[in-house]
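Breakdown of the fold
The chain contents come next:
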Amino acid sequence: MNPSAQTAWITGASSGIGAALAREWAARGGHVVLSGRDEARLQVVAADIDTDTLILPFDVRDEAALAEAATKALNWKGAIDFAVANAGISQRSAAIETDMKVYREIIEVDLIAQIAFAQSLIGPMSARGSGRLAFVSSIAGKVGVPMRTAYCAAKFGLAGYADALRAELSQSGVEVHTIYPGSIRTDVSRNALTADGSARGKSDKAIEEGIPPAEAANTILDAIALNQREIIVARGMEEAMGELRRTPDQLLDQVANMVAQGYMERLKGED
């Protein structure tokens, strides 16, 4: 993957991993479409970028706004070469105390909206025969972590969607990557939802001592350049946990081979 003159579209780009990925992609010579809810914060990120940028603010839960943004993003430079489904919100509450509205909100933002984002791009990418989709899951998308049941459900689900999509697109020229960050020094814990749906308002020690976002972004783009399908960005115990649950490439290849041998066509023929 050579970012030079290629276009990346990144959601959740106003801060944290998303903003860091935008800066690193631009530093490598690529153009960037920045999306998030807060246009002013996206403008701040864009000010740090020397290459061409397009700001498309919208709420990822608004599918009409997503469709409009996708049209603008695809038309801007003629294609999206690299798309990062990064928007998300975390949780810090015990399941027994958590209101169902918290589950619905987190799953809507972290899973359904990310699927909708990808669905808006897989058609054009497949028709073109090239492109990359990256989904930001979490170590909590590999390992069930206490106080994050809704978050784990969404992030496990996102990983499952990405795995199935990777297999379906394996003959199309479109690559799919799943990113599993551990503790990254962002506002993820401060913005996490508590049992009643309110923001936690404070961070965790592990997050405050976590990997700097710029370092995480560099690791992610280097791994994607090597065409790694699962990218674990973590240290210490979190890294060990992620590696224990890493999906073997042999298994991913086996499922892709099913597609190559006509599995999807045969299944459609049975309908």
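Below is a summary of the structure that appears in this document. (Residues numbered from 1 in each chain as written. Predicted model: local features only at pLDDT ≥ 70, side-chain atom pairs only at ≥ 80, totals over all residues. Heavy atoms only, no water.)

Considering all chains together, one arrives at four aromatic pairs under this definition. Taking the centre distance of 5.7 Å and the plane angle of 85 degrees together, the rings of Phe135 and Tyr161 count as edge-to-face. Linking Phe135 in strand 5 (residues 131–136) with Tyr161 in helix 5 (residues 149–168), this pair joins segments that are 26 residues apart in sequence. Taking the relative accessible area as the measure of exposure, Phe135 reaches 1% and is therefore buried. By relative accessible area, which is 15% here, Tyr161 ends up buried. (Phe/Tyr/Trp six-rings, centres within 6.5 Å; stacked < 30°, edge-to-face > 60°. Helix = DSSP H or I, 4+ residues; strand = E, 2+ residues; numbered from the N terminus. Buried < 20%, exposed > 50% of the residue type's maximum accessible area, 1.4 Å probe, protein only.)

So, on to the packing of helix 5 against helix 9 (residues 249–260). At a minimum axis distance of 8 Å, the contact between helix 5 and helix 9 shows a crossing angle of 45 degrees. The orientation of helix 5 relative to helix 9 falls into the category oblique. Of the two elements, helix 5 crosses helix 9, and the hand of that crossing is right-handed. Residues Asp163, Arg166, Ala167 and Glu168 of helix 5 form the contact with helix 9, whose own contacting residues are Leu252, Val255, Ala256 and Val259. Here the residues of the contact of helix 5 with helix 9 sort into five nonpolar, no polar and three charged. (Axes fitted to C-alpha atoms, helices over the stretch in contact; angles between N-to-C directions. Parallel < 35°, antiparallel > 145°, perpendicular 65-115°, else oblique. Left-handed = near helix turned anticlockwise from the far one by under 90°. Contact = heavy atoms within 4.5 Å. Nonpolar A, V, L, I, M, F, W, Y, C, P; charged D, E, K, R; others polar.)

What follows concerns helix 7 (residues 213–225). Helix length check: helix 7, at 13 residues, gives a terminal C-alpha distance of 18 Å against a target of 18 Å (1.5 Å per residue), a fit within 8%. Residues Pro213, Ala216, Ala217, Ile220, Leu221, Ala223 and Ile224 constitute the buried set of helix 7. Across the axial projection of helix 7, the buried residues extend over an arc of 160 degrees, all falling on one side. In this fold, the buried residues of helix 7 make contact with helix 1 (16–27), strand 4 (82–85), strand 5, strand 6 (174–181) and strand 7 (230–233). Positioned one or two residues after helix 7, Asn227 has a phi angle of 65 degrees, which is positive. (Expected span 1.5 Å × (residues − 1). Arc of directions from axis to C-beta.)

Attention now moves to a nonpolar patch on the surface. On the surface, Leu251, Val255, Met258, Tyr263 and Leu267 cluster together into a nonpolar patch covering about 390 Å² of accessible area. Going through the elements one at a time, helix 9 and helix 10 (263–269) are the ones with two or more residues in the nonpolar patch. Here the nonpolar patch gets three residues from one element, more than from any other, and that element is helix 9. Take Met258: it is sitting in helix 9. (Patch = residues over 30% accessible without salt bridge, like charges linked within 9 Å, V, L, I, M, F, W, Y side chains within 5 Å. Areas by Shrake-Rupley, 256 points an atom, 1.4 Å probe, with all protein chains shown as cover. Salt bridge = Lys/Arg side-chain N within 4 Å of Asp/Glu carboxyl O.)

This next bit is on the pattern of salt bridges. Two side chains with opposite charge may pair up if their charged atoms get near one another. Tallying each qualifying case throughout the model produces 20 salt bridges. For Arg190, the salt bridge identified is with Asp187, shortest N-O distance 2.6 Å. Between Arg200 and Asp204 there is a salt bridge; the shortest N-O distance is 2.5 Å. Residue Arg200 is classed as partly exposed on the basis of its relative accessible area, which comes to 27%. The network of salt bridges with common partners includes Arg92, Arg148, Arg200 and Asp204.

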